[in-house]
Amino acid sequence: MKIVLQNLTKVFPSRNKKANDEVTAVNNFNFEIPDGKLIGLLGPSGCGKSTTLYMISGLQKPTSGKIFFGDEDVTEVSTENRGIGLVFQNYALYPHMTVKQNILFPLQNLKGEQKLSKEEMLERAYNTAKLVQLDELMDRKPAELSGGQQQRVAIARALVKMPKVLLLDEPLSNLDARLRLQTREEIRRIQKETQITTVFVTHDQEEAMSISDMIVVMKLGVVQQIGKPQEVYDSPANLFVAKFLGTPPINVFNGCVKGEKLYIGQDEVMAVKGVADQEVTVGIRPEGFQLDDRGPLQCKPTNVEVMGRDVSIVSTHLASVNPTIRSIINADNKIDISQEYIRYSLKAHKVFIFNKETEERIYFEAK
Ligand code: ADP
Ligand code: MG
């Protein structure tokens, strides 16, 4: 099921008239979510992710704009009649019911044409449990399950009605690191198997990048960029997006362009053809540095962090916005940080420049 968001806006009015503190939680969101894809809705806390999801679900009514499921305008359709499955951060299972009863519950409430016979219900519940690999645990109570298993029950409960759209709001936040990784792979597998159009909300960029077909990056209710995870990482539209994606994060410098050359402090680091003279903000991905005795960027090394396959060299530079710079270098390199300075050359496609005021990307030709 394709989902279309058209000029979708949600304004929460002020609590009292004097305060004048209304919040535009979602501001003119336009997007066509393709059928059968998993979309990651990504951004810091408070940027409007949940509000967007609740509007898609019908739990909240947009202030303006429209929502379509396929060609049908569902803006005024109630949550129950939208054919969605919802999963929240806290699994909200019925503690006194077994896994089987929890999964059966949504089916027992179906009315009219949708009503199922007892056998049909059981068959559906078992098929769904199999899909989320809970079929061996049907007689347990939630308290007898791990967090990851509980969340899978919640997912099964959302899936058992065979929704056209699956909406997940930070479903992994309550899980520990290892379970999070497992469960996100599980969600990806289930989504691929069922081909249900899915919107996955998270503030965790790595999570969103790893499971989404496309990500939507939001800030203060405004969509910043939409694209395939790798494309957005490789070509961020502005400084916010560049900083939000990637671990370790992108390194940010104060720089300037003079005569189509980019300077970081005194160091002339590369050609930036077609860019007018101006002060700029420079972002360099950690993997964009190459150790090079004759490289143009001169940094003061402070320490080396070993990460197995790679090492991370921590260094400083006067023009760096943050106290330290982090480069990622293949561990095969000989790394000597006993010297006062190390020199880097830069991979041009890992260097981005941004307008100092608007923080929008300035595009250039490297050669
Ligand atoms: P996210 O899920 O990205 O953390 P939300 O969508 O929950 O963000 O919230 C977006 C903004 O809208 C925040 O500033 C939040 O305080 C505000 N907000 C959310 N729900 C309400 C509400 N019911 N009443 C007033 N303001 C709200
Ligand atoms: Mg939220």
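That block above? That's the structure.
Because the structure is a prediction, the values reported are computed rather than measured. (Residues numbered from 1 in each chain as written. Chains lettered and ligands numbered in written order. Predicted model: local features only at pLDDT ≥ 70, side-chain atom pairs only at ≥ 80, totals over all residues. Heavy atoms only, no water.)

Undergrad: When you look at the site of ligand 1 in this model, what are you seeing that I'm missing?
TA: Within the structure, ligand 1 sits among F12, V23, A25, P44, S45, G46, C47, G48, K49, S50 and T51. Between an oxygen atom of ligand 1 and a side-chain N or O atom of K49, the distance comes to 2.9 Å. When isolated, ligand 1 has an accessible area of 560 Å², and the protein chains bury 63% of it. Only β2 (23–33) and α1 (49–57) provide two or more residues apiece to the shell around ligand 1. Here the shell around ligand 1 takes three residues from α1, the largest share from any one element. (Near = heavy atom within 4 Å. Polar contact = N/O pair within 3.5 Å; in protein donor to acceptor, adjacent residues only side chain to side chain. Areas by Shrake-Rupley, 256 points an atom, 1.4 Å probe, with all protein chains shown as cover. Helix = DSSP H or I, 4+ residues; strand = E, 2+ residues; numbered from the N terminus.)

Undergrad: Just to check I follow, could you spell out the sheet that holds strand β6 (residues 84–87) for this structure?
TA: Paired through their backbone hydrogen bonds, the strands of a sheet run either parallel or antiparallel. If you walk across this open sheet you meet the six strands as β6-β7-β8-β3-β9-β10, and the pairing is mixed. Of all the strands in the sheet, the pair left with one neighbour each is β6 and β10 (222–227). Neighbouring strand axes in the sheet, compared pairwise and without regard to direction, differ in orientation by 15 degrees on average. Strand contacts of α1: β3 (38–42), β6, β7 (165–169), β8 (197–202) and β9 (214–219), with the helix running at about 155 degrees to β7, the strand carrying the most contacts. (Pairing = 2+ DSSP bridges. Axes fitted to C-alpha atoms, helices over the stretch in contact; angles between N-to-C directions. Contact = heavy atoms within 4.5 Å.)

Undergrad: What exactly am I supposed to notice about the state of the cysteines here?
TA: Put plainly, a disulfide is one covalent bond tying together the sulfur atoms of two cysteines. Applying the stated criterion across every chain yields a total of zero disulfides. The structure places no disulfide on C256, whose sulfur is separated from the nearest cysteine sulfur, that of C299, by 17 Å. (Disulfide = S-S within 2.5 Å.)

Undergrad: I'm lost on the pattern of salt bridges in this one. Help?
TA: Side chains that differ in charge, positive against negative, can pair when their charged atoms come close. By the definition in use, this model includes 13 salt bridges. Note that D213 and R188 form a salt bridge whose closest N and O atoms lie 2.7 Å from each other. Within this pair, whereas D213 is found in the loop between α6 (205–211) and β9, its partner R188 is found in helix α5 (residues 177–194), the two being separated by 25 residues in sequence. In this structure, E287 and K350 form a salt bridge, with 3.0 Å as the shortest nitrogen-oxygen distance. Of this pair, E287 sits in the loop between β14 (278–284) and β15 (289–291) while K350 is found in the loop between β19 (342–346) and β20 (351–355), placing the two residues 63 residues apart along the sequence. Overlapping salt bridges bring together R152, E186, R189 and E193 as one network. (Salt bridge = Lys/Arg side-chain N within 4 Å of Asp/Glu carboxyl O.)

Undergrad: I'm lost on the sheet that holds strand β17 (residues 310–316) in this one. Help?
TA: Within the open sheet, the five strands sit side by side as β15-β19-β16-β17-β18. Their pairing is antiparallel. Among the strands making up the open sheet, the edge pair consists of β15 and β18 (325–330). Adjacent strand axes in the sheet meet at a mean angle of 50 degrees, parallel and antiparallel pairs treated alike. Both strand β16 (residues 297–306) and β17 contribute to a ladder of six bridges, which runs antiparallel. Residue E305 lies in a different strand from β17, and its bridge partner there is S312.

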